[in-house]
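Coordinates in review
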Amino acid sequence: MSSEQPTRRDFIYVASAAFAGVGAAAAAWPLIDEMNPDASVLALASIEVDLSPIDTGQSITIQWRGKPVFVRHRTREEIAEAESVPLDDLPDPQPDEDRIQRPEWLVMIGSCTHLGCVPLGQKGDFDGWFCPCHGSHYDTSGRIRKGPAPSNLEIPPYQFVSENRIRIG
Amino acid sequence: MSENNHSSSYTPRSALAKWIDKRLPLPRALHDNFSSFPTPANLNFWWTFGGILTVCLLIQIVTGIVLAMHYTPNSELAFSSVQHIMRDVNYGWLIRYVHANGSSMFFLAVYIHIFRGLYYGSYKAPRELLWMVGVVIYLLMMATAFMGYVLPWGQMSFWGATVITNLFSSIPLVGDAIVSWLWGGFAVGNPTLNRFFALHYLLPFVIVGVVLLHVWSLHVSGNGNPTGLDVKKVDKETVPFHPYYTVKDGFVIVMFLLLFAYFVFFHPNLLGHPDNYIEANPLVTPAHIVPEWYLLPFYAILRAVPSKLGGVIVMFGALGVLLLLPWLDTSKIRSAKFRPLYRQFFFIFLLVCLGLGWLGAQPAEGGYVIAARLLTVYYFAHFFVILPALGYIEKPKPMPASIEESLESKTKTEKL
Ligand code: HEM
Ligand code: FES
């Protein structure tokens, strides 16, 4: 056999290196995965909100999974404004009806999609929310209109459990 | 060791010293590296910042370990434990103020040290790796200080951590998974604080290790010097590190500590932010988030770019370009003393960096953003256009033939 040909010894080198590599990766995984959200964090994943005390034009902010969630009882004008915007004007086009279950209730995560600050309500150029951190403007449907944020404020999963109660998560 | 290679001049004096020298020649290594080490005789005061930086690192480690004995890394308790340090712990106020201002002093020194390197071309062959190891230290310092700033769990801690960790969410596809992995949750919270504390404790010791590599590399090539010329005659052009530079460095360290003490005792909160004395509130963002002063230029660059991912790439690029610097500067001449054009561009670049720092503290709107964009473009043009071009078009000034000759002409003028 010429020295160019792989030998049984080469096979052993490659096999043991591969084995050690797989072993090291397997051993590293628990050390990496340990940093992911743990069971107690995941257990906090759902919360119920009573809507009855929130009048038209009022909003509340609650904490869900460590993040603020805005629950806004929209006025008629706000709803009309959100519905009338042509989709072409939106950086992240989405009709208002895809963002709500009932037009008067807007429920969304109050965390700017830029770098996570909490936008201020009923501020900015579009009567919705304004993020002071780097100047993102959102409209009355929480859609991004102007500024560095790449996408609309996120809608959390929620459902109406009764006429006046929702469960988020 | 190349030109500065000197054979060991250590002679163990006692029987015990001989016994040790045969088994673990640590005293010999210390003597050769920090006492008899031949150091160019013409170093100016800009060369004293290495010593200052070592002192800064030690101060942070000692005060940090003592703080950790009283601090509680839990989101419910962290803020009040820092208040407990300030009010109840004996000298706690002093130790915390030294640690908090020590971080600023550390960065002040490292910036002077880095700009010294830029002015005198300290990154050029054979010191490329020495420079790159230095850049790694700088990156580790920024990571350490960022995580330290989160620990007191005030409003700036919390929202600074939120904004900076969210930078990673701009990575396509895996961004959100990475961010929730960093947080250990769906927002910055207790798991985040806990791991940041563990890493804030660890990283300074990693820095110690990398500093040792830095000094090792330094002692292979030897110190540069203001002329940028290589040492030719060790006996005529160098002096032993001790007592010449131990005394000079010692003097400057005392001066530096005076400045340090001025901040600690007279303006302990000047460089901090009042919002950080408000406990972290995940539902309310302060009106104006600013990072610590030493990160401002990069913050300005981040905000100058109108796209989220683009901003992150450009910001990290601004740091990464420092690693390429040894190959972007095409001039063979090290010192700006003999580079009339580069010398001017050096000062422009310094002003641009200061300007970016100032802009980083302004709100991101209108003229500020436009100015930040212009300066960001200039920042990169300095490295990718000006430096490569200068090497070809610049006509260097006449240079002395050797360090010895420059020393002689200096003593002559002093005698006149
Ligand atoms: C490279 C060296 C270091 C730097 C640049 C650094 C920086 C910082 C900064 C900027 C803060 C926030 C100060 C404030 O505003 O209150 C801090 C806090 C803290 N650091 Fe460090 N640090 C370093 C080393 C260490 C080490 C080695 C320890 C050891 C455990 C430590 C323990 C702490 C603790 C417990 C706090 C929270 C108490 C406080 O906020 O004052 N640090 N650090
Ligand atoms: S975090 Fe809202 S604009 Fe940057």
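Residues numbered from 1 in each chain as written. Chains lettered and ligands numbered in written order. Predicted model: local features only at pLDDT ≥ 70, side-chain atom pairs only at ≥ 80, totals over all residues. Heavy atoms only, no water.

**Observations concerning the sheet that holds strand β6 (residues 127-131) of chain A**
Residue and element names in this part refer to chain A. Taken together, 4 strands build an open sheet; the order of strands is β5-β6-β7-β8 and the sheet is antiparallel. Two strands lie at the open edges of the sheet, namely β5 (120-121) and β8 (144-146), each paired on one side alone. In terms of strand pairing, strand β7 (residues 136-139) meets β8 through 2 bridges, oriented antiparallel. By the bridge assignment for β8, tyrosine 138 is matched with isoleucine 144. (Pairing = 2+ DSSP bridges. Helix = DSSP H or I, 4+ residues; strand = E, 2+ residues; numbered from the N terminus.)

**Thoughts on the pattern of salt bridges**
Residues and elements named next belong to chain A. By the definition in use, this model includes 15 salt bridges over all chains. Its salt-bridge partner being arginine 167, residue glutamate 48 comes within 3.6 Å of it at the nearest N-O pair. One end of the pair, glutamate 48, is in strand β1 (residues 47-50); the other, arginine 167, is in strand β10 (residues 165-168), with 119 residues separating them in the sequence. (Salt bridge = Lys/Arg side-chain N within 4 Å of Asp/Glu carboxyl O.)

**Focus: the interface of chain B and chain A**
In this assembly, 26 residues from chain B lie in contact with 25 residues from chain A. Approximately 2,100 Å² of surface area, both sides summed, lies buried where chain B meets chain A, with 66% of it carried by carbon and sulfur atoms. Considering only the surface of chain B that becomes buried against chain A, Trp181, Phe186 and Leu283 of chain B emerge as the three largest contributors, covering 35% of it. On the surface where chain B and chain A come into contact, there are 0 salt bridges. Our count for the chain B to chain A interface comes out at 8 residue pairs in polar contact (both at pLDDT 80 or more). (Contact = heavy atoms within 4.5 Å. Buried area = accessible area lost by both parts, 1.4 Å probe. Polar contact = N/O pair within 3.5 Å; in protein donor to acceptor, adjacent residues only side chain to side chain.)

**Brief notes about the coordination of the iron atom of ligand 1**
Residue and element names in this part refer to chain B. Listed as protein donors to the iron atom of ligand 1 are His99 (NE2) and His200 (NE2); their distances from the metal cover 1.9 Å. A relative accessible area of 15% places histidine 99 in the buried class. For histidine 200, a relative accessible area of 15% puts it in the buried group. (Donors = N, O, S within 2.8 Å, 3.2 Å for Na, K, Ca; no water. Buried < 20%, exposed > 50% of the residue type's maximum accessible area, 1.4 Å probe, protein only.)

**With respect to helix α7 (residues 155-166) of chain B**
Residues and elements named next belong to chain B. For α7, which comprises 12 residues, the first-to-last C-alpha distance of 16 Å matches the rise-based estimate of 16 Å (1.5 Å per residue) to within 8%. Here α7 lies mainly inside the structure; 11 of its 12 residues are buried. Within α7, the full set of buried residues consists of Gln155, Met156, Ser157, Phe158, Trp159, Gly160, Ala161, Thr162, Val163, Thr165 and Asn166. The secondary structure elements touched by the buried residues of α7 are α6 (128-150), α8 (175-183), α9 (190-221) and α13 (308-328). (Expected span 1.5 Å × (residues − 1).)

**Topic: unusual backbone geometry**
With omega at 5 degrees, the peptide bond leading from alanine 125 of chain B into proline 126 of chain B counts as cis. As for its position among the elements, proline 126 of chain B is in the loop between α5 (92-120) and α6. Of note in the backbone geometry, aspartate 127 of chain A takes a positive phi value of approximately 60 degrees without being a glycine. Mapped onto the elements, aspartate 127 of chain A comes out in strand β6.

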